[in-house]
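Working through the structure, step by step
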Amino acid sequence: MKIAITSSGKDLDAQVDPRFGRAAGFIIYDLETGAFEYKDNSQNLNAMQGAGIQSAKHISDCGAGALITGHCGPKAFAGLKAAGVKIFTGAAGTVAEAIGKFKAGTLVEAKNPDVKGHWM
């Protein structure tokens, strides 16, 4: 399975970006192989609206079955859920640390969005 982690940089040592829709980018990590790739999200970083919805589509199109992020708004949350993507909020630290917590099963799946729309 692939997971997506909001990231402030292009490698596993980067900090988890606390935003979802307006994250700098995403690390798409393959749990089976340990391979990863960085997906830039600059097209949504300064979007006036729709950043969460577009980012949710981007994550779904990448084939991720789960998302790890700091926060997720209502429209992005709905889009991710509709695509069958599990959402884990409250992440902090490095991308590698977030992946480790996911593998250890210590992250809790979000039941609801945790911020209102247009959170910066």
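Just above, that's the structure.
My aim in this report is to walk through the structure given alongside it, one point at a time. (Residues numbered from 1 in each chain as written. Predicted model: local features only at pLDDT ≥ 70, side-chain atom pairs only at ≥ 80, totals over all residues. Heavy atoms only, no water.)

Overview of the sheet that holds strand β2 (residues 25-30)
One open sheet accounts for five strands, arranged β3-β2-β1-β4-β5; its pairing is mixed. Each end of this open sheet is capped by a strand with a single partner; those strands are β3 (36-40) and β5 (86-88). Strand after strand, the sheet turns through a mean of 25° between neighbouring axes, direction not considered. By the bridge criterion, four bridges tie strand β1 (residues 2-7) to strand β4 (residues 64-68) in an arrangement that is parallel. Looking across to β4, one finds that K2 is bridged to A64. (Pairing = 2+ DSSP bridges. Helix = DSSP H or I, 4+ residues; strand = E, 2+ residues; numbered from the N terminus. Axes fitted to C-alpha atoms, helices over the stretch in contact; angles between N-to-C directions.)

Considering the environment of I5
Along the chain, the position of I5 falls in strand β1. Expressed as a C-alpha distance, the spacing of I5 and S60, which sit 55 residues apart in the sequence, is 13 Å.

Notes on the pattern of salt bridges
As enumerated under the stated definition, the model contains four salt bridges in all. The partner of K39 in a salt bridge is E37, with the nearest N and O atoms 3.4 Å apart. For K39, a relative accessible area of 25% corresponds to the partly exposed category. Among the salt bridges present, the one from E109 reaches K81, with a minimum N-O distance of 2.9 Å. Highlighted residues: E109 in the segment after α4 (95-104) and K81 in helix α3 (residues 74-82), separated in sequence by 28 residues. A relative accessible area of 27% places E109 in the partly exposed class. Taking relative accessible area as the criterion, K81 reaches 34% and is therefore assigned partly exposed. (Salt bridge = Lys/Arg side-chain N within 4 Å of Asp/Glu carboxyl O. Buried < 20%, exposed > 50% of the residue type's maximum accessible area, 1.4 Å probe, protein only.)

Looking at α3
Taken as a whole, α3 has its buried residues at A76, F77 and L80. Projected down its long axis, α3 shows its buried positions confined to an angular sector of 100°, all on one face. For α3, the exposed residues set more than 90 degrees away from the buried face come down to K75 and A82. Buried residues along α3 sit in contact with α2 (51-61), β4 and β5. (Arc of directions from axis to C-beta. Contact = heavy atoms within 4.5 Å.)

Let's talk about the packing of aromatic side chains
The tally for this structure, following the rule as stated, stands at two aromatic pairs. Seen from their ring centres, F20 and F26 are 5.7 Å apart, and the 45° between their planes marks the pair as tilted. In this structure, F20 and F26 share a single accessibility class: buried. For the ring pair F88 and F102, a centre distance of 5.4 Å and an interplane angle of 90° mean the geometry is edge-to-face. Here F88 is found in strand β5, whereas its partner F102 is found in helix α4, with 14 residues between them in sequence. Judged by relative accessible area, which is 9%, F88 ranks as buried. (Phe/Tyr/Trp six-rings, centres within 6.5 Å; stacked < 30°, edge-to-face > 60°.)

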